[in-house]
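Coordinates in review
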Amino acid sequence: MSPTYTAFTVKACVQPGCYSSMLLCQLTMSWTSVPHSSDSRTGVGGSLHTIPVPASSPGLQLGIGGDARVRGQTGVLSERRGSYPFIDFRLLNNSTLSGEIGTKKKVKRLLSFQRYFHASRLLRGIVPQASLYLLDEDYLGQARHMLSKVGMWDFDIFLFDRLTNGNSLVTLLCHLFNVHGLIHHFQLDMVTLHRFLVMVQEDYHSQNPYHNAVHAADVTQAMHCYLREPKLASFLTPSDIMLGLLAAAAHDVDHPGVNQPFLIKTKHHLASLYQNVSVLENHHWRSTIGMLRESRLLAHLPKEVTLDIEQQLGSLILATDINRQNEFLIRLKSHLDNQDLRLEDAQDRHFMLQIALKCADICNPCRLWDLSKQWSERVCEEFYRQGDLEQKFELEISPLCNQQKDTIPSIQIGFMTYIVEPLFERWAQFTGDTPLSENMLNHLRRNKAKWRSLLHKQHSSSRSNDHSGQVTGSQEQTLNEEETP
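Reading guide: rules and limits
- Residues numbered from 1 in each chain as written.
- Predicted model: local features only at pLDDT ≥ 70, side-chain atom pairs only at ≥ 80, totals over all residues.
- Heavy atoms only, no water.
- Helix = DSSP H or I, 4+ residues; strand = E, 2+ residues; numbered from the N terminus.
- Buried < 20%, exposed > 50% of the residue type's maximum accessible area, 1.4 Å probe, protein only.
- Contact = heavy atoms within 4.5 Å.
- Areas by Shrake-Rupley, 256 points an atom, 1.4 Å probe, with all protein chains shown as cover.
- Salt bridge = Lys/Arg side-chain N within 4 Å of Asp/Glu carboxyl O.
- Core = buried A, V, L, I, M, F, W, Y, C linked by side-chain atoms within 4.5 Å.
- Lys, Arg positive; Asp, Glu negative; His and termini not counted.
- Polar contact = N/O pair within 3.5 Å; in protein donor to acceptor, adjacent residues only side chain to side chain.
- Phe/Tyr/Trp six-rings, centres within 6.5 Å; stacked < 30°, edge-to-face > 60°.
- Lys NZ or Arg CZ within 6 Å of the ring centre and 35° of its normal.
- pLDDT = per-residue confidence, 0-100.
- Axes fitted to C-alpha atoms, helices over the stretch in contact; angles between N-to-C directions.
- Parallel < 35°, antiparallel > 145°, perpendicular 65-115°, else oblique.
- Left-handed = near helix turned anticlockwise from the far one by under 90°.
- Nonpolar A, V, L, I, M, F, W, Y, C, P; charged D, E, K, R; others polar.

**A look at the overall build of the protein**
Looking only at helices and strands, the protein has 20 helices and six strands in total. Counting over 485 residues, the protein shows a buried share of 52%. A separation of at least 24 residues holds for 75% of the contacts in the protein among residues at least 6 apart in sequence. Carbon and sulfur atoms make up 52% of the accessible area of the protein, which totals about 22200 Å².

Set out below in structure tokens:
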């Protein structure tokens, strides 16, 4: 069945740059549902038609529409919106198609204000007299209730995303910026803030099972929890908090749904651009800078301040490169063993923000089982899609991407053992075994035990049946009866 999207009819003309007129215009829009053809997929800029790659093609052509980098007055390179490395083997270098995409993106961005204007009024405590028919009032009430408990570790981001009609990242960030007093401290314009957050949310690809806007919202909520840890919170400045939240929200923006080795072996232009080093992380950072400049969110601040913010955002986002895991662990262990962390020092504070973001990025195994299991299945689905793509084009299948050999339990057990546990044990050592750290480690141990049990069941059944990486309903029920967290 073809998905149904929402189309809008604009009944008034909006002058470019006139935000007040634009918001008034949004209130006059009428909504209709229009089914889209199943022959096209919707990317960031609207409907992009797939062009098949001939089997005789000498190489894999990963076409990117409208790719360009721009240099601002500060001298830091950024990437324009629309330069996303969407891996669909499409040929989008056609200028006509690129223009069409750009036009659709402008329209989509313009119309996106209606979706969030209603939410912004609610976040400010203003209840509109006339409903915009975005969500049922019961759903809005539940979303408001969830925001009041946004600092709880059992926060269900999947439920929150449904309650906000798929706008979890924008709604969450607006709330957190308000809670932390960032809007007042930095004198941010609410409409401009919305515009920037809409850009960020739209530049995540919902087609990705894992690296999408919901993951970004989940990481942002985790980062909020870590920023409240007493050992860290008492030293943080408003700049630290804003950097932490922005980096969490944008750390995977424009993610193509494949990993760095895939981009390198297919000779993707981003791999060449960043010389095969932190390719995706560099792209996430430069894309974020591009959106900050395009939205002019920080344009009222001195240039040296915005330059510093851009550089620190880059340092935080680049820290999420999993290839640098040992580098950060060794440095953190050294600081903890020597007890020489001085959080009054901006450099040490920034380092702990990097560690906090790394923890938030891979905290899924430390969540409640029901949430952790969903994330595990999503990330493995994304791995398997890459493996299928590699097999289709006769490339070597990347590690963890072979659905026939790499099961979800085995992937998760290895991930928890070698990546998650060492980092979170050090984080608990830093925080001093707070309730949050103890809670996360307890969930991690219980979830690992459940995956081990599932793996054992799979090995037992594989003697007579082909084993699968998916958790079946009967397995889940049996597991919960045996071991309830």
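The discussion continues.
**With respect to the pattern of salt bridges**
Scanning the entire structure with this criterion turns up nine salt bridges. Between D240 and R349 there is a salt bridge; the shortest N-O distance is 2.7 Å. Of this pair, D240 sits in helix α10 (residues 238-250) while R349 is found in helix α16 (residues 346-361), placing the two residues 109 residues apart along the sequence. Among the residues examined, D240 registers a relative accessible area of 7% and is labelled buried. Among the residues examined, R349 registers a relative accessible area of 10% and is labelled buried. The salt bridge involving E377 is made with K373; its shortest N-O contact spans 3.4 Å. Here K373 and E377 lie together in helix α17 (residues 369-392), a separation of four residues that amounts to about one turn.

**Re the nonpolar core**
Among the nonpolar cores identified, the biggest contains 104 residues, and W153, F177, Y226, M352, I355, F424 and W427 are the most heavily contacted of them. No other element matches the 11 residues that helix α18 (residues 408-431) contributes to this core. In contact with M352, other than residues within four places in its own chain, are L232, L332, L341, L343, W427 and F430.

**As for the side chain of D321**
In this structure, D321 sits in the loop between α14 (303-318) and α15 (325-338). Of the side chains with opposite charge, R324 lies nearest to the buried D321, which makes no salt bridge, at 5.9 Å. There is a polar contact of 2.6 Å between the side chain of D321 and the side chain of S278. When sequence neighbours within four positions are dropped, the list of residues in contact with D321 reads S278, E281 and K358.

**So, the packing of aromatic side chains**
The full count for this structure, using the stated rule, is eight aromatic pairs. For the pair F155 and F160, a centre-to-centre distance of 5.4 Å together with 55 degrees between the ring planes defines the contact as tilted. With a relative accessible area of 4%, F155 lands in the buried category. Judged by its relative accessible area of 0%, F160 is buried. Among the aromatic side chains, those forming a connected cluster through ring pairs are W153, Y226, W427 and F430. Positioned above the aromatic ring of W153, the side-chain terminus of R367 is 3.9 Å from the ring centre. Its end group placed over the ring of W375, R378 keeps NZ or CZ at 5.8 Å from the ring centre.

**With respect to the environment of D254**
Tracing the backbone through its elements, the reader meets D254 in the loop between α10 and α11 (260-265). Considering only alpha carbons, one finds D254 and A213, 41 residues apart in sequence, at a separation of 9.7 Å.

**Examining the environment of D321**
Take D321: its relative accessible area is 5%, and that puts it in the buried class. It is 9.1 Å that separates the C-alpha atoms of D321 and V279, two residues lying 42 residues apart in sequence.

**Structural notes on the confidence of the model for the protein**
Per-residue pLDDT for the protein has a mean of 78; in total, 67% of the residues score no lower than 70. Contacts from residues 83-134, a stretch scored under 50 in pLDDT, to residues over four places away or in other chains number 126 contacts. Low pLDDT, under 50, characterises residues 478-485; the stretch is placed with 14 contacts to residues that sit more than four places away or in other chains.

**Comments concerning unusual backbone geometry**
The phi dihedral of S278 falls on the positive side, at around 45 degrees, and the residue is not glycine. Residue position: S278 is located in the loop between α12 (269-273) and α13 (279-295). In this structure, L400 is a non-glycine residue whose phi angle is positive, near 75 degrees. Residue placement: L400 occurs in the loop between α17 and α18. A residue is classified by how much of its surface remains accessible, and L400, at 38% relative accessible area, is partly exposed.

**Describing the packing of helix α8 (residues 213-227) against α10**
Contact geometry of α8 with α10 gives a least axis separation of 8 Å together with a crossing angle of 155 degrees. In terms of their interaxial angle, α8 and α10 are classed as roughly antiparallel. Seen from above, α8 lies across α10 with right-handed handedness. Of α10, the residues touching α8 (which contributes A216, V219, T220, M223, H224 and L227) are I241, G244, L245, A248 and A249. In the contact of α8 with α10, the residues fall into eight nonpolar, three polar and no charged.

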